[in-house]
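# Overview (structure and organization)
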Amino acid sequence: MQRYFIESAGNDENEFIVTGENARHISKVMRMAVGEEIIVVHENVANICEIVEIDQDVRVKKTGQTIPSPEMPIKVDIACGLPKGDKLELIAQKATELGMYAMIPFAAERSIVKWDAKKVKKNQERLQKIAQEAAEQSHRTHIPQVEEPISFKQLIQKFANYDAIFIADEEDAKLENRTSFKQKLQSLNTDKELRILCIFGPEGGISRNESKVLIEAGAQTMSLGPRILRTETAPLYALSAISYEFE
């Protein structure tokens, strides 16, 4: 069944109104008919609904059936130092498939790319659309929020929102004796719903100065193995490790 995310509630407790691009997709692309069923995700609940009317908007009725949420028990935000090319698009798509809760691009010391202020909103909207499509494809009940790029200082100001902050530091991978990411994840208190921030540098990684400031602010390094990973690979490795540990 096709899956559609909607923000507004229906006209009563048993119906939803699907509008805009989603409605056009149902009627023009999928050419669906009254009586067919779709999945409507509203407030993180996946409802199986029956189409009762197709016009400019599409009216659907709840069947009373819902689909269990596939979301991770831990909310994991990914902060990425602005990389070159289309790497953010890859991260937005694949990290969404792997369970990312939100993505926070930031201007790192070694970021070569500088977003044009006039194109920031357009770029953010493109990444948000990629995340939404990936959430639909992977049957998520939550669309990760892709934020507009922030400064390094603004990133640190967000630390208070998290129970744990990890940074991927390539210097940590070179150490002979290091604490594995698995051990650090196992030390977390899972008696409540945790929110974790994982920070990754751009090409060239996190600078020594940034690493020092981040650790002083409360972050800790995470060892992603003895190999140096690309900026677009490391977030996917970390999400996979978290999924393996807690799911």
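Description of the structure in this document. Position labels on residues start from 1 in each chain and follow its written sequence. Local features in this predicted model are restricted to residues of pLDDT 70 or higher, and side-chain atom pairs are both shown and tallied only at a pLDDT of 80 or more, whereas totals for entire chains, interfaces and linings draw on every residue. The side-chain figures draw on all heavy atoms in the structure; neither hydrogens nor water molecules are used.

## A look at the layout of surface pockets
If you roll a probe as big as a water molecule over the atoms, it shows you where there is empty space left. The pocket and cavity definitions rest on a 1 Å grid over protein atoms only: a 1.4 Å probe that fits but cannot leave marks a cavity, an open set with protein on both sides within 12 Å along at least five of seven lines marks a pocket, and residues lining either have an atom within 4 Å of a point. Grid points are joined across faces, edges and corners, and a volume is the space filled by probe spheres set on the points. Of the volumes computed, that of the largest pocket is approximately 350 Å³. What lines the largest pocket is a set of 16 residues, among which F5, I6, E7, Q132 and I143 lie closest to the centre. Elements supplying a minimum of two residues to the lining of the largest pocket: β2 (15-18) and β3 (37-42). Each residue gets one label: Ala, Val, Leu, Ile, Met, Phe, Trp, Tyr, Cys and Pro are nonpolar, Asp, Glu, Lys and Arg are charged, and the others, such as Gly, are polar. Its residues assigned to classes, the lining of the largest pocket shows 6 nonpolar, 8 polar and 2 charged. Segments assigned H or I by DSSP are reported as helices when at least four residues long, segments assigned E as strands when at least two residues long, and all are numbered from the N terminus.

## As for helix α1 (residues 20-29)
When a residue's accessible area, from a 1.4 Å probe over protein chains only, is under 20% of the maximum for its type it is buried; when over 50% it is exposed; and in between it is partly exposed. Among the residues making up α1, those that are buried are N22, A23, I26 and S27. Along the axis of α1, the buried positions cluster into a sector of 120 degrees, meaning they face one direction only. Pointing more than 90 degrees away from the buried face of α1 are the exposed residues E21, K28 and V29. Among the structural elements, β1 (3-5), β2, β3, β4 (45-54), β5 (58-67) and α3 (120-137) are those in contact with the buried residues of α1. Directly beyond the C-terminal end of α1, a positive phi value near 50 degrees is found at R31. The arc under discussion is defined with respect to the helix axis, by the directions toward the C-beta atoms. In what follows, residue pairs with any heavy atoms lying within 4.5 Å of each other are defined as contacts.

## Some words on the sheet that holds β2
An order of β1-β3-β4-β5-β2 is seen for the 5 strands of this open sheet, with the pairing classed as mixed. Across the chains shown, the open sheet's two edge strands, defined by having one partner strand only, are β1 and β2. Averaged over neighbouring strand pairs, the angle between their axes works out to 40 degrees when direction is ignored. Only strands joined by at least two bridges in the DSSP assignment are considered to pair. As paired strands, β3 and β4 are joined by 6 bridges and run antiparallel to one another. Residue V41 lies in a different strand from β4, and its bridge partner there is A46. A fitted line through C-alpha atoms represents every axis, and for helices the fit uses only the stretch in contact; the resulting angles, taken between N-to-C directions, go from 0 to 180 degrees.

## Some thoughts on the pattern of salt bridges
Salt bridges are counted wherever a side-chain nitrogen of Lys or Arg sits within 4 Å of a carboxyl oxygen of Asp or Glu. All chains considered together, the criterion is met by 13 salt bridges. With its nearest N and O atoms 2.9 Å apart, the salt bridge here joins K87 to E203. Taken together, the positions of K87 in helix α2 (residues 87-97) and E203 in the loop between β11 (195-200) and α7 (208-216) put the pair 116 residues apart, joining distant regions of the chain. The buried category is assigned to K87, whose relative accessible area is 18%. For E89, the salt bridge identified is with R126, shortest N-O distance 2.7 Å. Taken as a pair, E89 in helix α2 and R126 in helix α3 lie far apart in primary sequence, 37 residues in all. In this structure, a network of salt bridges that share partners links the residues E15, E53 and R59.

## Re the packing of aromatic side chains
Aromatic rings from Phe, Tyr and Trp, taking only the six-membered ring of Trp, are treated as a pair when their centres fall within 6.5 Å; an angle between ring planes under 30 degrees marks them as stacked, one over 60 as edge-to-face, and anything in between as tilted. Tallied over the full model, the rule gives 2 aromatic pairs. Their ring planes at 45 degrees and their centres at 6.5 Å tell us that F106 and F152 sit as a pair that is tilted. Of this pair, F106 sits in strand β7 (residues 102-107) while F152 is found in helix α4 (residues 152-157), placing the two residues 46 residues apart along the sequence. Ring centres of F166 and F181 lie 5.3 Å apart, and the angle between their planes is 80 degrees; this geometry places the pair in the edge-to-face category. One end of the pair, F166, is in strand β10 (residues 164-168); the other, F181, is in helix α6 (residues 181-186), with 15 residues separating them in the sequence. By relative accessible area, which is 3% here, F181 ends up buried.

## Describing the pairing of β10
Among the 5 residues in β10, 5 count as buried, and that is most of the element. Here β10 shows no split at all, with A164, F166 and A168 on one side and I165 and I167 on the other all buried. Here 4 bridges tie β10 to β11, and the two strands are oriented parallel to one another. Bridged to F166 within β11 is C198. One ladder, built from 3 bridges, connects β10 with strand β12 (residues 220-222); its direction is parallel. Among the inter-strand pairings, I167 is bridged to a residue of β12, identified as T221.

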